[in-house]
Amino acid sequence: ENPNSTQFQLDNSKNANSTQLQLDNPLDFRRFTAEDLDECAELFKNVFSRDPWYDEWGSLDQSRNYLKELISNPVFEGFVIHDNSKMVAACLGHRRSWWAGKEFFVDELFVENGMQGNGIGSSTMDNLVKILTEEGYVGITLLTNKKIPAETFYLKNGFYNNEKRTVMVREL
């Protein structure tokens, strides 16, 4: 057993509308390592190429290159979740030395398509909050699309829309 991992059981109490997902063993939550890149890139491509995102990740190389860019950030922090030996979710982000203290910015959080809505994302968030709190972080920040299940997921897990901020984009 990996001393840097945490095993946890799903708590579906936050997901009253979900059907109970039966897993063989407790899920394994641990820090991302370079050896996770290929499996993580495949999971990422599969999740975001489908409903509700329909991103056009044309190849595994494209998603792998994107994730390589994230993990090359000197303040990268990542976590992966396994059911037995299969990766079922990941949370990838980076530390920000903000004026109010150390923040974690979530660049990507994703759960295998067939396992969404069963508490894996909420359990991942619970473990993330526990670890970040122990490490002295003061907050978590992220961006997500409006009016899709991800927005509801984050609101249910203690996030709120910051009315003082907006997302600015300029097409080139």
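Residues numbered from 1 in each chain as written. Predicted model: local features only at pLDDT ≥ 70, side-chain atom pairs only at ≥ 80, totals over all residues. Heavy atoms only, no water.

### A short note on the packing of aromatic side chains
Taken as a whole, this structure holds 13 aromatic pairs when the rule is applied. A centroid spacing of 5.5 Å and a plane angle of 80° characterise the contact between Phe-32 and Phe-76, whose relative ring orientation is edge-to-face. One end of the pair, Phe-32, is in the loop between strand E2 (27-31) and helix H1 (37-48); the other, Phe-76, is in strand E3 (residues 76-83), with 44 residues separating them in the sequence. Ring centres of Phe-44 and Phe-110 lie 5.4 Å apart, and the angle between their planes is 75°; this geometry places the pair in the edge-to-face category. You can see Phe-44 sitting in helix H1 and its partner Phe-110 sitting in strand E5 (residues 101-111), a full 66 residues away along the chain. Phe-110 carries the same exposure label as Phe-44, and that label is buried. (Phe/Tyr/Trp six-rings, centres within 6.5 Å; stacked < 30°, edge-to-face > 60°. Helix = DSSP H or I, 4+ residues; strand = E, 2+ residues; numbered from the N terminus. Buried < 20%, exposed > 50% of the residue type's maximum accessible area, 1.4 Å probe, protein only.)

### As for H1
The end-to-end C-alpha distance of H1 is 16 Å, a good match for the 16 Å that 12 residues give at a rise of 1.5 Å each. Taken together, the buried positions of H1 are occupied by Leu-37, Cys-40, Ala-41, Leu-43, Phe-44, Val-47 and Phe-48. Buried residues of H1, viewed axially, fall in a sector of 165°; they line one side. (Expected span 1.5 Å × (residues − 1). Arc of directions from axis to C-beta.)

### Description of the nonpolar core
Phe-104, Leu-109, Ile-120, Met-125, Leu-128 and Tyr-154 are the most contacted members of the largest nonpolar core, which totals 24 residues. Per-element accounting of this core gives the leading share, five residues, to helix H3 (residues 120-134). Apart from the residues lying within four places of it in its own chain, the contact partners of Met-125 are Leu-109, Ile-140, Phe-153, Tyr-154, Asn-157 and Phe-159. (Core = buried A, V, L, I, M, F, W, Y, C linked by side-chain atoms within 4.5 Å. Contact = heavy atoms within 4.5 Å.)

### Examining the confidence of the model for the protein chain
Considering every residue of the protein chain, the mean pLDDT works out to 87; 85% of them sit at 70 or more. Of the regions scoring below 50 in pLDDT, residues 8-23 engages in 39 contacts with residues more than four places distant in sequence or in other chains. (pLDDT = per-residue confidence, 0-100.)

### What to know about the pattern of salt bridges
In this structure the tally under the stated criterion is eight salt bridges. Arg-30 serves as the salt-bridge partner of Asp-36, at 2.7 Å between the closest nitrogen and oxygen. Exposure remark for Arg-30: the relative accessible area of 14% places this residue in the buried category. Here Asp-61 and Arg-64 are joined by a salt bridge, their closest N and O atoms 2.5 Å apart. Within this pair, Asp-61 and its partner Arg-64 are both found in helix H2 (residues 60-71), separated by three residues, close to a single helical turn. The exposure class assigned to Asp-61 is partly exposed, which follows from its relative accessible area of 48%. Its relative accessible area of 18% is what places Arg-64 among the buried residues. Residues joined by salt bridges that share partners form a network here, namely Arg-31, Glu-77 and Glu-135. (Salt bridge = Lys/Arg side-chain N within 4 Å of Asp/Glu carboxyl O.)

### Looking at the packing of H3 against helix H4 (residues 149-156)
Relative to each other, H3 and H4 sit at 45°, their axes nearing to 11 Å. Judged on the interaxial angle alone, H4 and H3 are oblique. Crossing angle aside, the handedness with which H3 passes H4 is right-handed. Contact residues: Gly-121, Ser-122 and Met-125 in H3; Phe-153, Tyr-154 and Lys-156 in H4. Looking at the contact of H3 with H4 residue by residue, the classes come out as three nonpolar, two polar and one charged. (Axes fitted to C-alpha atoms, helices over the stretch in contact; angles between N-to-C directions. Parallel < 35°, antiparallel > 145°, perpendicular 65-115°, else oblique. Left-handed = near helix turned anticlockwise from the far one by under 90°. Nonpolar A, V, L, I, M, F, W, Y, C, P; charged D, E, K, R; others polar.)

### Some details on the environment of Ser-72
One can find Ser-72 in the loop between H2 and E3. A polar atom in the side chain of Ser-72 sits 2.9 Å from the backbone oxygen of Glu-69. (Polar contact = N/O pair within 3.5 Å; in protein donor to acceptor, adjacent residues only side chain to side chain.)

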